[in-house]
Amino acid sequence: MRGVRPRLRIVGIVILAAWIGLAALFGLLKPIKNGCTMTYMYPTYIPISVTDGATPPGRYGLYLYHEGWRKIDSKEHLDRLSGVPVLFIPGNAGSYKQVRSVAAESDRAYQGGPFERTFYQEASLFRGEGADTESVEYDMPSQYSNKLDWFAVDLEGEHSAMDGRILEEHTEYVVYAIHRILDQYKESHDTREREGAAASSNIPHNVMLVGHSMGGFVARAAAVHPRLRKSAVQTILTLSSPHQSPPLALQPSLGHYFAKVNREWRKGYEVQTSPGGSYVSEPLLSGVVVVSITGGYNDYQVRSKLESLDGIVPSSRGFMISSTSMKNVWLSMEHQAILWCNQLVVQVSHTLLSLVDSKTSQPFSDTQKRLWVLTRMLQSALSQSFNGITPMKVSHELPMLASKGSESQTSTCGLDWRDDALDRDLYIQTSTVTILAMDGRRRWLDIESLGSNGKSHFIFVTNLAPCSGVRLHLWPEKEKENSNLPVCERVLEVTSKMVLIPAGPAPKQSEPGSQTEQAPPSAVLKLGPEDMHGFRFLTISVAPREAVSGKPPAAVSMAVGQFFNPEEGAMEVSSPSMLLSAYWTKELFLKEDHPLAYNLSFAISLGLLPITLSLKTAGCGIKTSGLPDGETGDLDKDKLCKLRCFPPVALAWDSASGLHVFPNLYSETIVIDSSPALWSSSQSSEKSTVMLLVDPHCSYTANVHVSAPAVSGRFVLLYGPQIVGFSFAVTLFTLMRQANQWDHKQSVPPFLSAVEHNLEMPSPFLLLAVFPLLCSLFFSFLMAQPFPPLANFTVVSLICYLLANAFISVLVIVSKFVFQASALVHTTVKSKCQALERSSSLASSLVCLKAIRILKLNTTIVMTLVAVTLVSFVHPALGLFVLLASHALCCHNSMCCIMMASRRKEPVDQKTEAERKTRHTSGRLEPLPEDTSEKSFVETQADIFNHRHGLLILHLLAAMMFVPSLAAWFQRIGTGQSFPWFADSALCVGVIFHGIMNSRPESSILRSFPSVLGHQLRPHHIYLLAGYYCFFSGLELAPYKVFYVIAALGYISLSRKISQVNNNDLRFRTKSRIHRR
């Protein structure tokens, strides 16, 4: 039974890993409906030639985009350059032709002009965070001042996300491209002057950068490049670009380069001072503004946490926004779709055009004005109105007038109604008010009476257009003709505080004005008690139908308002309920007259456990008993309820990725792109809140179901780097177990048995898995960092640790099976060849064995030189493959020796067994002589195999970390590769030394480690500390840091070996002198 339990543990975690892997594969390969529309264009790419004397780095190219189907003269087009230069930088394996979508829409936006006035009206409702917007003066443009000239760099489709050297070369070429673009404008300007043509436009002195994926990081790297001209880059916009760390944090050079660039950016925003501390100049990057646009939860390649600018760019110089919370977009999209999604590229085009100053025809030089324009064009007021599901503060500084008979009415609304446009007033006596038609009436709501009993909040949902369809005002008292107070001091219009929400498809109408079903809501207003403080009445004025410019009205004109208590509409879904809903769907029932705003609080973040939320109408207060037969079924009830109740809307908020809106919510998978349960996560990321806007006249049956494929896919995407780091920790912990057994004069256990032992409860598992988690929390306390959510952080980390054990177990099982199969074939062929040699005496038949005999020679020095040479001058992965070949050859030889010894021992064992039976029958029990030499040989070979097998697994993981970089290197064969990064080469050389100096258990250099504080450090102590370091690297989502500790072990082993050689040489010289005397 003792041998069964460990095997059950391994089988259990392997089954768990296989289930999660298959479910994640199914979830990630499932087609995604992003709702994007295609962008169409007529592209022409004009190459930009290299100027005389210029030596562009690399073999890349620079192109100018032109939109149009007519053929043009390239030279003449370049001579007429006078627009605003924008440089597009493609990402990993991207093409310069990917610029065509946003460039084509920019041309159309310039010709078509700005958005409608209502867009800018809502965009100016809020103040940008961190920006000094009070002093910003900006008028809505009636026509854009200048067009955008789009350039694109051709980076040959190289994989910049896989190799730090490629990323550095791309940065150098982008710096050259920026200078070349600015020089081209100077040349074009001079050419027009020589030809006598009008040259009234100003010469641009900076280039706006737009980067996709890794191209966005390259744009930031170019902005802090030492050879970049001063103020040559002032505006950077990135699309699905990682900023915190690389998406594949496997290669050390990638991590080093990201850390270096981010460190330069942090210094760039610091005030320049002299050594004495006196002021010298403004920060170097004080004029640079950065905006990071994320693709949301559908972007599987780059998570929003990596795209954040926190800790890199201050909030006064940039921000991150998700495409799910961008006005006119409201969509999550894949990594590549963000380049051609028409809703997004149109918004980006108008945003960049709005940055152009009408006076200079170039981007604004004022940093705050550029940040304000970017904020008002990209961020929706909805994201601030429902930031954390809290109401937006209403400004009382700008009173809006709305009183009948007033002669001096002023309002931000573009459409003023006539004094006699409104019909008689209606006085609402219930806390819920419903508007089903544009009746031209004003409804009065008494805040004091209707807002009593805790119903101090008011929410209003409508599909009527603000200002032109509906207007809302706050009144301190009912209007009186004999009032002595001016109107402006009595009435506050809050119509402009309404925010637009994405509306789903409108219902089809059989004829104009016909009533089929409720149209989806398009605007929402939420007021808190602090907003309505000091006011007595709230009025809702609905325009008459004639005020809609003669157009047919919507299928159903709808508006619903309600005074409510937020606590009545709150419901918490516990962690057990969420987990059990994967097998048993959790059902919620919302009765009629429920709150319009219903808050669902989930104990586990929806970024980790996405849910499928289904809403089905159960009733809407319509009695069907009087209807004819055949019209009382559920289908007709649904039709009647859809006629009366508006489609539900879900608003999910996350502090990292922003707002996610799900319109027409009947059955949707709700997921937010958060990163919970990480070492760097905050307590706020533990839970998720979803606000449901549901019609209070209808009752609903809500079903909450956790989808296993969606959960598995999110888990792999979020915690993949953590599992990689834990895999190294598991391997080092297993080597620790082997070294500990050897130090206690025992045989080296098989690698799989050591993995099984480390999973035992309580001692090994608590020491190796739980103790480092406690240490990480202690480090957070020492560094004054926020603690992660303890429960989720612990559970997720332990699951990642178990998955890492499963991954290592599968590697061990597969590799051992390969060695056993190859050894079986080898020994079989060898025995056949020996029999053939005895029968035919043909030496030529042993050619196959001679090659193997040659490989058995001691080739350690040659192998070391070859591996180090490949690592230093070709590619690190090739040198690590040589080390793996050495380990594999040794394991193969040991396995062959074990099999050959077993075969030779079988006849002896059969004879011994017969003698044993003879002695037993005769009644004499005598001890049998053992072949101690044969047994010792088998055990020795088993120890060698188990030890080298462990080193093989460790160095195989290290080699696999460089496989993506090797793929990028093969792509560049024949195009002039450069030497590997010194850091990569130095670390991999250390890994090679670790494998060579510790190739045998009895001669491991780590066993001669000096004592520390009077205690002798043994190899198992060193491997334990190294495993802890790898564990912390996994928690930090930086698995490339594992190379630091493995290389350190290698260089320590090398130094100890050199020290031993020197000591032995000194002893030899001393003995020689004594002998001579």
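Definitions and cut-offs
- Residues numbered from 1 in each chain as written.
- Predicted model: local features only at pLDDT ≥ 70, side-chain atom pairs only at ≥ 80, totals over all residues.
- Heavy atoms only, no water.
- Helix = DSSP H or I, 4+ residues; strand = E, 2+ residues; numbered from the N terminus.
- Buried < 20%, exposed > 50% of the residue type's maximum accessible area, 1.4 Å probe, protein only.
- Contact = heavy atoms within 4.5 Å.
- Pairing = 2+ DSSP bridges.
- Disulfide = S-S within 2.5 Å.
- Axes fitted to C-alpha atoms, helices over the stretch in contact; angles between N-to-C directions.
- UniProt positions renumbered as here; feature names shortened; annotations may be inferred.
- Expected span 1.5 Å × (residues − 1).
- Bend = angle between axes of the 7 residues up to and from the residue.
- 1 Å grid on protein atoms, 1.4 Å probe; cavity = no way out; pocket = protein on both sides within 12 Å on 5 of 7 lines; lining within 4 Å.
- Points joined across faces, edges and corners; volume = space filled by probe spheres on them.
- Nonpolar A, V, L, I, M, F, W, Y, C, P; charged D, E, K, R; others polar.
- Domains from an automatic or database assignment.

*Asks:* How would you sum up the overall build of the protein chain? Please name residues and give values.
*Replies:* Across its full length, the protein chain holds 26 helices and 29 strands. Considering the protein chain as a whole, with its 1077 residues, one finds that 53% of them fall into the buried category. Excluding contacts between residues fewer than 6 apart, the proportion of contacts in the protein chain whose partners are at least 24 apart in sequence is 80%.

*Asks:* Can you lay out the sheet that holds strand β13 (residues 442-446) for me, pointing to particular residues and giving the numbers?
*Replies:* Backbone hydrogen bonds hold the strands of a sheet together, and the pairing may be parallel or antiparallel. Taking strand neighbours across the sheet as the criterion, the five strands line up as β11-β13-β19-β15-β16 in an open arrangement whose pairing is mixed. With partners counted over all chains shown, the strands left at the sheet margins are β11 (426-428) and β16 (492-493), one partner each. As judged from the three bridges shared by β11 and β13, these two strands associate in the parallel manner. Bridging from a neighbouring strand, Tyr-427 pairs with Trp-444 of β13.

*Asks:* Requested: an account of the state of the cysteines, with residues and values cited.
*Replies:* Under the counting rule described, the total for this entry stands at two disulfides. Between Cys-36 and Cys-341 runs a disulfide, and the two sulfur atoms are separated by 2.2 Å. With the S-S bond torsion at -90°, the cross-link from Cys-36 to Cys-341 turns out left-handed. Here the residue Cys-36 occupies a position in the loop between α1 (4-29) and β1 (43-47), and Cys-341 occupies one in the loop between β10 (318-322) and α9 (342-354), the gap between them amounting to 305 residues.

*Asks:* Lay out the sheet that holds strand β22 (residues 586-590) with the relevant residues and their values.
*Replies:* The four strands lie next to each other as β22-β29-β24-β27, forming an open sheet whose pairing is antiparallel. Each edge of the sheet is formed by a strand with only one pairing partner; in this case those strands are β22 and β27 (667-670). With strand direction ignored, the average angle separating the axes of adjacent strands in the sheet is 25°. Note: strand β24 (residues 611-619) against β27, four bridges, orientation antiparallel. Counterpart to Ile-611 in the pairing with β27 is Ile-670.

*Asks:* Hey, could you go over the UniProt feature "transmembrane region" (unreviewed entry) in the protein chain for me, with residue numbers and the actual values?
*Replies:* Look at the UniProt record and you will see "transmembrane region" (unreviewed entry) annotated at residues 7-29, 716-736, 765-784, 790-814, 854-874 and 951-973. Overall, residues 7-29 shows 100% helix and 0% strand. The separation of its end C-alpha atoms is 33 Å. Within the segment residues 716-736, helix and strand shares are 100% and 0% respectively, and the terminal C-alpha atoms sit 28 Å apart.

*Asks:* How would you summarise helix α17 (residues 763-782) if you had to cite specific residues and measurements?
*Replies:* Taking 1.5 Å per residue as the helical rise, α17 with its 20 residues ought to reach 28 Å, and the 27 Å between its terminal C-alpha atoms agrees with that figure. The largest bend along α17 reaches roughly 35° and is located at Val-770, with the proline Pro-772 sitting one to four residues downstream. Where α17 terminates, the next one or two residues include Ala-784, which has phi positive at roughly 55°.

*Asks:* Could you give an account of empty space enclosed by the protein, naming the residues involved and the relevant values?
*Replies:* All told, the structure shown has six cavities of 30 Å³ or more when counted by the stated rule. When its volume is computed, the largest cavity comes out at roughly 150 Å³. Around the largest cavity sit 18 residues that line it, and Asp-163, Arg-165, His-875, Trp-969 and Ser-978 are the ones nearest its centre. Mapped by element, the contributors of at least two residues to the lining of the largest cavity are α5 (164-194) and α23 (963-971). A total of three residues in the lining of the largest cavity trace back to one element, the largest contributor, which is α23. Here the residues of the lining of the largest cavity are counted per class, giving eight nonpolar, six polar and four charged. Looking at which domains feed residues into the lining of the largest cavity, each of domain 1 (43-117 + 143-194 + 203-271 + 283-380) and domain 4 (714-834 + 857-903 + 937-1068) gives three or more.

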